[in-house]
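Each chain, written out:
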Amino acid sequence: MARLEPATASHRFNERRLADYLCACGLGEFGGGLTALQYQGGQSNPTYRLEAGGRYFVLRKKPPGELLPSAHLIEREYRVMKALAETGVPVPAMIHLCEDPGVIGQAFFVMEHVEGRVPSAPGLPEVDSPVERAAIYDAMNEALARLHAVDWAAVGLADYGKPSHYVARQISVWTRQYEAARTDPIPAMEALVEWLPAHIPVGDASEEETTIAHGDYRLDNMILHPTEPQVLAIVDWELSTLGQHLPSRADLL
């Protein structure tokens, strides 16, 4: 599991104010206060383990400071995981979304704490057995297949994204993000930005294969069963949207 430490100064918040707020929202476990530890690692949205009333919870919030447009959308994370709760896709249970920055300084949501393993790298260096590694990869693929089988309109996500031109939209979004964050010229990136729009896969305009796209589907965005090759929860849905199953990537080669 990711390392837990006290929050750094820039990511600290008023724990008493948060506990009072959550208690007033009907979460009685927080009546006696809470303690918070921050997960260390590569989250773009700071994530914390809360302990209150003998239970663990997880809080995920926007980072402080000025944010890039369309980045750090914890509201979308909350919405998609809540919509997937009864679909068989492994996600944590959503508990509360607060969009008022006046509570702890930024919008946040609280979800259930899922106890398990978070892989450290795609090669699973902590797993000695090739058989177990293969079983974990199979479980990862099964979880993705479950996601792609969801009737996204039926679960209330018909307006969660545009049902076509997924790759083109991704290229456009990430080009804008790169340009907004660029400090110095990077010739290789400039060449890539020019090359990608001219090599969009055939089928990207089709609406027939629309599905929910996680946007950052990788092993370290999953919580695995403590001992079994099973995905207990897929997390970090910040980049999720509607996308496509594309029939071929050959035209990218």
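An account of the accompanying structure is given in this report. (Residues numbered from 1 in each chain as written. Predicted model: local features only at pLDDT ≥ 70, side-chain atom pairs only at ≥ 80, totals over all residues. Heavy atoms only, no water.)

1. Here's the deal with the overall build of the chain
- Of regular secondary structure, the chain possesses 5 helices and 10 strands.
- Scaling as 2.2 N^0.38, a compact globule of 253 residues should have a C-alpha radius of gyration of about 18 Å, and the chain matches this with 20 Å.
- Projected onto the principal axes, the alpha-carbon positions of the chain cover approximately 60 × 45 × 40 Å.
- Counting over 253 residues, the chain shows a buried share of 39%.
- Of all intrachain contacts in the chain linking residues separated by at least 6 positions in sequence, the fraction that spans at least 24 positions is 65%.
- Accessible area of the chain: about 13100 Å², with a carbon and sulfur share of 55%. (Helix = DSSP H or I, 4+ residues; strand = E, 2+ residues; numbered from the N terminus. Rg over C-alpha atoms; globule rule 2.2 N^0.38 Å. Buried < 20%, exposed > 50% of the residue type's maximum accessible area, 1.4 Å probe, protein only. Contact = heavy atoms within 4.5 Å. Areas by Shrake-Rupley, 256 points an atom, 1.4 Å probe, with all protein chains shown as cover.)

2. Overview of helix H4 (residues 166–181)
- Its 16 residues place the ends of H4 22 Å apart at the C-alpha level, agreeing with the 22 Å of an ideal helix rising 1.5 Å per residue.
- On its buried face, H4 is in contact with helix H5 (187–195), strand S7 (210–213) and strand S10 (241–244). (Expected span 1.5 Å × (residues − 1).)

3. Examining helix H1 (residues 15–24)
- Looking at H1, one finds that the buried residues are Leu18, Ala19 and Leu22. Each buried residue of H1 lies within a common arc of 100° when the element is viewed along its axis, so the set occupies one face.
- Here H1 starts with a cap whose side-chain oxygen sits 3.1 Å from the backbone nitrogen of arginine 16, and that cap is asparagine 14.
- Positive backbone phi, at 100°, marks glycine 26, one or two positions downstream of H1. (Arc of directions from axis to C-beta. Polar contact = N/O pair within 3.5 Å; in protein donor to acceptor, adjacent residues only side chain to side chain.)

4. Some thoughts on the sheet that holds strand S1 (residues 4–5)
- Reading across from one edge, S1-S2-S3-S4-S6-S5 is the order of the 6 strands in this open sheet, with antiparallel pairing throughout. Strand pairing shows two members of the sheet lacking a second neighbour, S1 and strand S5 (94–98), which therefore form its edges.
- Here strand S4 (residues 55–61) runs beside strand S6 (residues 108–112); their pairing, made up of 5 bridges, is antiparallel. Residue pairing in the sheet places lysine 61 in a bridge with phenylalanine 108 of S6.
- Seen against the sheet, H1 touches strand S2 (35–39), strand S3 (47–52), S4, S5 and S6 and runs at an angle of roughly 70° to S6.
- Lying over the sheet, helix H2 (residues 74–83) contacts S4, S5 and S6, oriented at roughly 150° with respect to S5. (Pairing = 2+ DSSP bridges. Axes fitted to C-alpha atoms, helices over the stretch in contact; angles between N-to-C directions.)

5. Notes on the pattern of salt bridges
- Under the defined criterion, the tally for this structure stands at 12 salt bridges.
- The salt bridge partner of arginine 55 is glutamate 29, with a shortest N-O separation of 2.7 Å. Of the two residues, arginine 55 is situated in strand S4 and glutamate 29 in the loop between H1 and S2; the sequence distance between them amounts to 26 residues.
- In this structure glutamate 29 comes out as partly exposed when scored by relative accessible area, which is 25%.
- The residue glutamate 190 makes a salt bridge to arginine 182 at a minimum N-O spacing of 2.8 Å.
- Since its relative accessible area comes to 30%, glutamate 190 is described here as partly exposed. (Salt bridge = Lys/Arg side-chain N within 4 Å of Asp/Glu carboxyl O.)

Without other data, these values stay purely geometric and don't point to any function.
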